[in-house]
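# Results of the structural survey
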Amino acid sequence: MSASPTVRPQELVRSDRVHRRVYLDPEIFAREMEEIFGHAWVFVGHDSQIPNAGDFITTSIGAQPVVMAQHGDGKVHVLFNRCGHRGALVVAEASGRVKQFRCGYHGWSFHTDGSLAGIPLADGYGSAIDLDDPSFGMIEVPRTATYHGFVFASLAADGPSLREYLGEATIGIDDLIDRAPDGEIELVGGVHKYYYRGNWKLQTENVCDQYHPPFGHASSLASDGRQFNRRAGDDHGRPVFFGDAGMIDVYVAGVWSYPSGHSSVGSMRFAAEPDGPVFRKYRAKLVARHGEMRTREILAPKHHNMFLYPNLVVQQVSQHLRVIRPVAVDLTEVSVYAVKLKGAPDEMHTEVIRYLNITHAAASLIQTDDLETFERCQRGLATQGTDWVLFARGAEEDRVARSGTITGPVASEAPMRGQFKTWLSYMTDLA
Ligand code: FES
Ligand SMILES: [Fe+2]
């Protein structure tokens, strides 16, 4: 679909449906990067990814490449990845450790807080140029804030604080932190990174979509468990879930749609406490810290996926983070990080990594179903037969709390309706 200078976002979103143009139009995409990723609190990384002075990772906030660095002053710095000289990207690596950043073009160097450190042949600039001017450094993004080590940045100088923005949805992070015997998590298990040829919102909608698993993941989750039957040495496969009420029966509760576009879905029945010597060792550490009652509360499955708008998925029970990075209107990058619960036995972290290899790697059993689906959506949406995409499921059963949080039954499309309500607020400057 070609770009239209006349696009009016308010004409593209209704309470229970959206126009297909929101997935296809490059102009809409450019505006999303400016209005949504240019204002919201966007997840950048976790401070455990940069534990030492000089450690850094690179990513982007919308269309803006950034570097998140540990300067050694106790602060995490999120810098625009742009040289103060002639604008080249300074840091090309995904991660690493440096004394200083050095631009590959003419060798200008920068401290890890972004300030200019040195210029080759500096005397050639003459007295009219003040090289102490901070604009010749790597500029820090307007706002950075951290919640339990989760680093978020906002490209808007003004707006709600991170805590206000996350609101009740902090429980997605809190629940994960509570599960760590030392009260902290780390991202130290590497990353699965892949792209799909589809719009970024196809992934954000899918995260809290309980309608699709019986169909989109039938080959893994149907009672004959065909995918899991392939496990070496296992004749009967791994029963993922069964139930007279059908596969939807697997969920303990429904969906939540929070203000600011966040959402979550209830946990799955098979997420109940496991057993075994490693788990018992882990459990004992939690009991030592919190007591039996609180430990039981902590380990009770609460949510399967928590989505923090616009780009972070926290999966509590299987312990991973998924970061969604829009690249183009029809290209999206997904990065999956195993979460290590500090203080838990190392075997548990190994198990999480093993599990993610099966479920969320580029060649895994579950996530590949979704990636194929996203690409089919992108192709199907390009057809001209009809313009509207329906999210009406469960709308009559929405229950709205005073906080603005909406709860709905299993397989309600309330999370998507909430996302597009937020989308419209940003796109029309109301957020
Ligand atoms: S562009 Fe970076 S040193 Fe010239
Ligand atoms: Fe899925």
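Provided above is the structure to which this section pertains.
Residues numbered from 1 in each chain as written. Chains lettered and ligands numbered in written order. Predicted model: local features only at pLDDT ≥ 70, side-chain atom pairs only at ≥ 80, totals over all residues.

### Re the environment of Val151
Topologically, Val151 is positioned in strand 12 (residues 150-154). Judged by C-beta crowding, with 22 C-beta atoms within 10 Å, Val151 ranks as buried. Distance in space between the C-alpha atoms of Val151 and Val76 is 8.1 Å, their sequence separation being 75 residues. Dropping the residues within four chain positions of it, Val151 is found in contact with Val44, Gly45, His46, Asp47, Met68, Val76, Thr144 and Thr146. (Helix = DSSP H or I, 4+ residues; strand = E, 2+ residues; numbered from the N terminus. Buried ≥ 20, exposed ≤ 12 C-beta atoms within 10 Å, placed from the backbone. Contact = placed C-beta atoms within 7 Å.)

### A few points about the nonpolar core
Judged by nonpolar contacts, the single largest core of 87 residues is most densely connected at Val42, Val44, Val66, Met68, Leu308 and Val339. In terms of residue count, the dominant contributor to this core is helix 12 (residues 414-427) (6 residues). When residues are assigned to domains, this core turns out to be shared by domain 1 (42-154) and domain 2 (167-210 + 251-427), each giving three or more. When neighbours within four sequence positions are excluded, Val339 is seen to be in contact with Leu176, Ile185, Leu187, Gln319, His320, Leu321 and Val352. (Core = buried A, V, L, I, M, F, W, Y, C linked by C-beta atoms within 7 Å. Domains from an automatic or database assignment.)

### Looking at helix 5 (residues 200-207)
Where burial is concerned, most of helix 5 is hidden: 8 out of the 8 residues are buried. Within the sequence span of helix 5, burial applies to Trp200, Lys201, Leu202, Gln203, Thr204, Glu205, Asn206 and Val207.

### Focus: the pairing of strand 11 (residues 143-147)
As judged from the 5 bridges shared by strand 11 and strand 12, these two strands associate in the antiparallel manner. Bridge pairing in strand 12 places Thr146 opposite Val151. The turn linking strand 11 back onto strand 12 is made up of 2 residues, and His148 within it adopts a positive phi angle of 50 degrees. (Pairing = 2+ DSSP bridges.)

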